[in-house]
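Observations on the model geometry
What follows is the residue order along each chain.
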Amino acid sequence: MVTMSELHKYGRTKVIMPGTAACPGCPLQIGLRQLIMALDGKLTLIIPAGCSSVIPGVAPYTSFTVPVIHVPFASSPSVASGLVRALRARGIDGHVVVWAGDGATADIGFAALSGAAYRNEDIIYVLADNEAYMNTGIQASGTTPQKAWTTTSPRGKTEGKKNVALIMLMHKIPYVATASIAYPIDFIDKVRKAASIKGFKFIHLHAPCPPGWKFPDDYTVKVARLAVETGVWVLWEYYQGKLTISPPSAPYRDKQRRKPIEEYLRIQGRFAHLSKDDINEIKAMVDQEWDTLMNLVNALNYHA
Amino acid sequence: MINQQNVISRGVRKIMVGDHAVAEAVKMARVNVVSAYPITPQTLIVEKLSEIIDKGELKADFIRVESEFAALASVYGASAAGARAFTATSSHGLFYMYEMLWWAAASRLPLVMAVVTRTLGPPWNIHDEHTDLLAIRDSGWIIGMASSVQEVFDMTLTAFRISEDERVLLPVAVGLDGFVLSHTTEPIYVPYQEDVDAWLPPRNPKVPYVIEPGGEPITLGNLPKSDLYHELHKAYMDESMSEAKRVIAEAYNEYGKLTGKDYEPLVECYRCSDAKYLAVTMGAWSGDAEVAIDELRNEGYQVGLIRIRYIRPFPDDEVSERVNGVRGVIVFDRDYSMGFGGILAGELMGLVPSNVSFKGVVAGLAGVDVSPGEFRTIIRDFINETEANGIMRIRKWWYIPNTNGGD
């Protein structure tokens, strides 16, 4: 497990240089820093269209200290497949990491993602999920939660959130995990474990977005933490055929220990329109997600 | 002289269809990464390459992707990581790649793609026309179109030299007519591997740049600080296209020394030297047009044929110098731009002086056969009308064969 002193050491290292174009309080900046720390800077980033196309800053400058290739929206798993095959053929190790948003992953690029996963390409794929098309100005995506306001769901999204990580688990790839930018030790450990495995690794990183979710810039980590503490976002890991609830989420298997969901919903403007009934419906959905997950834990671990 | 088999200085004679000639050239180019998705009539290429790689005849990675978009994206990634890479497609597959085509070209990475030309639906139709290939003409790909199985092989092999040349660094598309070449067997000469190896050394992975972990922290493709950078980037690409004309000429010159195959680089001319009228074609039906030219010559018509080998870079000077001084030019398009006409006719008409008769003929779409006799009649009518009535300037004329009601 990564230690606090190691994190502090990295905190003084500039893995991302000044001059980024990220919004104040951007969760992607936090997640990227943790990702690059986890791999000690020894990686290549493949970034499809999205907020992270803008964040590195403007050419001919870049704030990133690792090689980066920006690619069309739906193409990142395919580009990564070709890139890693060529690197391995040339005898070059090192991690090929796709850093993609929810639109690129769950929606437009899903076929390419599924293809690369089932071929078990030697890639670490991080879905940095800010739960909408934020770069184009907050439009609903396949991972936007039900009832959330976006510019294309003005009265709240009518469909539910795709559970992308579980879909990837069913691809039988060697490693799948969920993570949160509010739990750096958990995320960094997961990235490092993924890096030690050959094949396709998928990490779904929860990344609350201040302008998109409508909360103050300095609440990013707080909102991310509340998502876990209320049980809305569950941290888990699938490795060697076994599904495990990760330590930060472990207490919340017990529903009684979860904070009230209202604490998470009420600090976000995107849920400001919810009625009491809406909130009860969301509570029921969260309980159902937990049930599914725990049933799956039992089912998978029975065979593991 | 596409119907004549030149004597090769060194090499072996083999018999194969056009699609397999592509695969043979890819094998001899020692490509590192191949990715393609099946689509008729390209499928024989992806099958043959799978087999060649599986047998170990080519030491390469084959990426079995889920779409043409992924095929191009993955060979693009392979090229960014320093590999020599290849893909192939047709028609709808090419259109599914469309976004990646532009991204690949503007990334200035070397790549080669075979395009087995095919009609676009609806209705579903697997037969030949050139509209698919020509729809990528603005994207920054160098685009060639072969007219025989031998040329398919030669054009595919030289494509790697051209694409990887530091003066070019643009992807190259090699067109071949669906079924007419892709599935038609011809005897071809294949050079010895050792000769090819000496002429086409392994790709230098550092040119133009390489994306690798632990490597230089370069960033490809982030927003430009000034839009002027982007505009300049386009101007540089276009400059490289112009430079590619010279590189194509050099590549065929050297290839000719190696194999004894003589090609004029961008356009070839058949019986042009004393011609008063010129027909223009591209692709496999040029052979049928040549037969028509021979017959018209026998009838006393002073007519020749310009065959377009590369449409990008656009062979403006090469065509201009040949059409100056003639009395009429007739262009045959096996393609169309809806609401406009034949694409070649539209592009070439501006090169034909206004005191020269001009006619653009759209024919042979959707795989409809155009026989040497039909070429002969259309060309003869054009010449006779011009001689009788003076110059005409017709950019678009649809040739629809009379089916007598058909069946």
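Residues numbered from 1 in each chain as written. Chains lettered and ligands numbered in written order. Predicted model: local features only at pLDDT ≥ 70, side-chain atom pairs only at ≥ 80, totals over all residues.

Focus: the overall build of chain B
Counting secondary structure elements, chain B contains 13 helices and 16 strands. Relative to its length of 407 residues, chain B is compact, with a C-alpha radius of gyration of 21 Å against a globular reference of 22 Å. On the principal axes, the C-alpha backbone points of chain B span a range of 75 × 55 × 45 Å. Looking at chain B residue by residue over its 407 residues, the buried ones come to 56%. (Helix = DSSP H or I, 4+ residues; strand = E, 2+ residues; numbered from the N terminus. Rg over C-alpha atoms; globule rule 2.2 N^0.38 Å. Buried ≥ 20, exposed ≤ 12 C-beta atoms within 10 Å, placed from the backbone.)

Regarding the overall build of chain A
Helix and strand counts for chain A come out as 12 helices and eight strands. Relative to the 2.2 N^0.38 estimate, which gives 19 Å for 304 residues, the radius of gyration of chain A is 18 Å and therefore close to what a compact globule would have. Taking the principal axes of its C-alpha atoms as reference, chain A extends roughly 60 × 50 × 40 Å. Looking at chain A as a whole, 53% of its 304 residues are labelled buried. Put simply, 69% of the contacts in chain A that link residues at least 6 apart link residues at least 24 apart. (Contact = placed C-beta atoms within 7 Å.)

Details of the interface of chain A and chain B
Each partner contributes residues to the interface: chain A has 41 residues there, and chain B has 42 residues. Elements represented by at least two residues in the side of chain A that touches chain B include exactly strand E1 (43-48), helix H3 (51-54), strand E2 (68-71), helix H4 (76-89), strand E3 (95-100) and helix H6 (110-118) of chain A. The element that contributes the greatest number of residues to the side of chain A that touches chain B is H4 of chain A, accounting for 10 residues. Counted by class, the side of chain A that touches chain B contains 24 nonpolar, 13 polar and four charged residues. Both E2 of chain A and strand E9 (residues 219-220) of chain B contribute to a ladder of two bridges, which runs parallel. By the bridge assignment, Val68 of chain A is partnered in E9 of chain B with Thr219 of chain B. (Nonpolar A, V, L, I, M, F, W, Y, C, P; charged D, E, K, R; others polar. Pairing = 2+ DSSP bridges.)

As for the environment of Val31 of chain B
All names here are of chain B. As for its position among the elements, Val31 is in the loop between helix H1 (18-28) and strand E2 (33-35). Sequence separation between Val31 and Phe86 is 55 residues, and the spatial gap between their C-alpha atoms is 7.0 Å. Among all residues touching Val31, those that are not within four sequence positions of it are Val26, Leu58, Ala60, Arg84, Ala85 and Phe86.

Description of the domain arrangement of chain B
All names here are of chain B. Under the domain assignment used here, chain B contains domain 1 (12-259) and domain 2 (267-398). Between domain 1 and domain 2, the C-alpha centre-to-centre distance is 28 Å. Counting residues at the interface gives 24 residues for domain 1 and 20 residues for domain 2. Here the residues of the side of domain 1 that touches domain 2 are counted per class, giving 10 nonpolar, nine polar and five charged. (Domains from an automatic or database assignment.)

As for the sheet that holds E2 of chain B
The pairing of strands in a sheet happens through backbone hydrogen bonds and is either parallel or antiparallel. All names here are of chain B. Spatial strand order, E3-E2-E4-E5-E7-E6-E13: seven strands in an open sheet with mixed pairing. Strands with a single pairing partner mark the edges of an open sheet, and in this sheet they are strand E3 (61-63) and strand E13 (310-312). Averaged over neighbouring strand pairs, the angle between their axes works out to 20 degrees when direction is ignored. Relative to strand E5 (residues 112-117), strand E4 (residues 85-89) runs parallel, the two being bridged by four bridges. (Axes fitted to C-alpha atoms, helices over the stretch in contact; angles between N-to-C directions.)

Thoughts on the sheet that holds strand E10 (residues 267-270) of chain B
Residue and element names in this part refer to chain B. With mixed pairing, six strands are arranged side by side in an open sheet as E10-E12-E11-E14-E15-E16. The sheet is open, and its two edges are formed by E10 and strand E16 (393-398), each paired on a single side. Ignoring which end each strand starts from, the neighbouring axes of this sheet average 20 degrees apart. As defined by bridge partners, strand E11 (residues 277-282) adjoins strand E14 (residues 328-333) across four bridges and the pair is classed as parallel. Following the sheet pairing, Val280 is matched in E14 by Val331. Each of E10, E11, strand E12 (303-308) and E14 touches helix H11 (residues 316-323); the most contacted strand, E10, lies at about 20 degrees to it.

Remarks on the pairing of strand E8 (residues 242-245) of chain A
All names here are of chain A. Relative to E8, strand E7 (residues 236-239) runs antiparallel, the two sharing four bridges. When the bridges of E8 are listed, Trp236 appears paired with Ile245. Counting the residues in the hairpin turn of E7 and E8 gives two residues, including Gln240, whose phi is positive at 50 degrees.

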